[in-house]
There are 2 protein chains.
Amino acid sequence: MDVYTCIRTKRDTRFYMDTPIPEESLRRILQAGRMAGSSKNSQPCRFVVIEDAAKKNELAACGHYAQHVPYAPVVVAIVLSGNGWDFDAGRAAQNMMIAAWAEGITSCPTSMHDADCARRVLGLPDGYRVAIVLPFAYPPPSGPKSRGLARIPLDDLVYRGGWSDPPRADE
Amino acid sequence: MDVYTCIRTKRDTRFYMDTPIPEESLRRILQAGRMAGSSKNSQPCRFVVIEDAAKKNELAACGHYAQHVPYAPVVVAIVLSGNGWDFDAGRAAQNMMIAAWAEGITSCPTSMHDADCARRVLGLPDGYRVAIVLPFAYPPPSGPKSRGLARIPLDDLVYRGGWSDPPRADE
């Protein structure tokens, strides 16, 4: 799969098979997260890998929309040091999810609405917080079921030259 | 370039050639940003494309470390609606930068420390703010000059099973 196709076709999905994720794939996913740049190379992200069924269930109870989390064989929590920027966590998450999708592994960023709950399950020390939880899994044979939510058309997202400038003549 | 290599080799660099970015490449970059998922599909990101030399100079004056911005032929500001999450801007930014790098185009997330300055230059309406500015350019023939800042070793970033669990026996 070429890079652009991989990026373009990646969807956040919540239906998973329990097929194990090969250790080599997991290592590439984590390495992709590691190689994401960060503000002033501060490298504020840490990755907590959860594969234990009981712990996945506990983690799922920390989010409002996290019921799918225990069905994924591997769950990676992206943890930020106290003053870490969510933008950098987003970069690391996207790198991990794109690297996974290149190997046919789907994922879905999942918020932990009860931050203290998630910190307790992951055993985080003071000064760290959970930015996001990423379940990784192979999709069912029918393909990754996406709700297929529409995207805003590109021309409505993009402003050329400035917000209030009229569209260019060639558009 | 395969996906993993693209992700793994992407560096944030600040030395640019003035070779124009083909319109088709820019369209794929913007489309990659558009296809990044977002929290509850809220799609909070908008993209302001700046190619005018005077505007690029004005934008460069809004950040502490933005002197490189005017040297890039195309600059994309990622704008968030008021309650938009920086995590989602990070996802969109990473998609755009990875799609660009697949075509040999380098980039560097650049903060606008004077947010009002950036809002004014981009002509943003109330309720929008600049999350980040991304210059896109071809690197010099010597390759993308990276300061080559070291990454923390993977084993020091990753916690298996929980923060305080000992490493697994097979590690």
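Residues numbered from 1 in each chain as written. Chains lettered and ligands numbered in written order. Predicted model: local features only at pLDDT ≥ 70, side-chain atom pairs only at ≥ 80, totals over all residues. Heavy atoms only, no water.

Regarding the state of the cysteines
Note: disulfide means a covalent bond formed between the sulfur atoms of two cysteine side chains. Under the counting rule described, the total for this entry stands at two disulfides over all chains. Each disulfide pairs two cysteine sulfurs, and for Cys 62 of chain A the partner residue is Cys 117 of chain A, the sulfurs being separated by 2.0 Å. Between Cys 62 of chain A and Cys 117 of chain A the sulfur-sulfur dihedral comes to about -65°; the bridge is accordingly left-handed. Of this pair, Cys 62 of chain A sits in the loop between α3 (53-60) and β2 (74-81) while Cys 117 of chain A sits in helix α5 (residues 115-122); the two residues are 55 residues apart in sequence, bridging distant segments of the chain. The same class applies to Cys 62 of chain A and to Cys 117 of chain A, which are both buried. Cys 108 of chain A forms no disulfide, and the closest cysteine sulfur to it belongs to Cys 6 of chain A, at a distance of 16 Å. The closest cysteine sulfur to the non-disulfide-bonded Cys 45 of chain B is located on Cys 108 of chain A, 17 Å from its own sulfur. (Disulfide = S-S within 2.5 Å. Helix = DSSP H or I, 4+ residues; strand = E, 2+ residues; numbered from the N terminus. Buried < 20%, exposed > 50% of the residue type's maximum accessible area, 1.4 Å probe, protein only.)

Re the interface of chain B and chain A
The interface is formed by 74 residues belonging to chain B together with 74 residues belonging to chain A. For the pairing of chain B and chain A, the buried interface totals around 6,300 Å² over both sides, and the portion due to carbon and sulfur atoms is 58%. The largest share of the area that chain B buries against chain A comes from Phe 87, Arg 151 and Trp 163 of chain B, three residues that together contribute 12% of it. Joining chain B to chain A, the criterion identifies eight salt bridges. Its salt-bridge partner being Asp 155 of chain A, residue Arg 27 of chain B comes within 3.9 Å of it at the nearest N-O pair. The tally of links from chain B across to chain A stands at 35 residue pairs in polar contact (both at pLDDT 80 or more). Looking at the side of chain B that touches chain A, the element that brings in the most residues is helix α4 (residues 86-101) of chain B, giving 11 residues. Class assignment of the residues belonging to the side of chain B that touches chain A gives a composition of 41 nonpolar, 12 polar and 21 charged. Bridge count between strand β1 (residues 45-50) of chain A and strand β5 (residues 158-160) of chain B: three bridges; the pairing is parallel. For Val 49 of chain A, the partnering residue across the bridge sits in β5 of chain B and is Arg 160 of chain B. (Contact = heavy atoms within 4.5 Å. Buried area = accessible area lost by both parts, 1.4 Å probe. Salt bridge = Lys/Arg side-chain N within 4 Å of Asp/Glu carboxyl O. Polar contact = N/O pair within 3.5 Å; in protein donor to acceptor, adjacent residues only side chain to side chain. Nonpolar A, V, L, I, M, F, W, Y, C, P; charged D, E, K, R; others polar. Pairing = 2+ DSSP bridges.)

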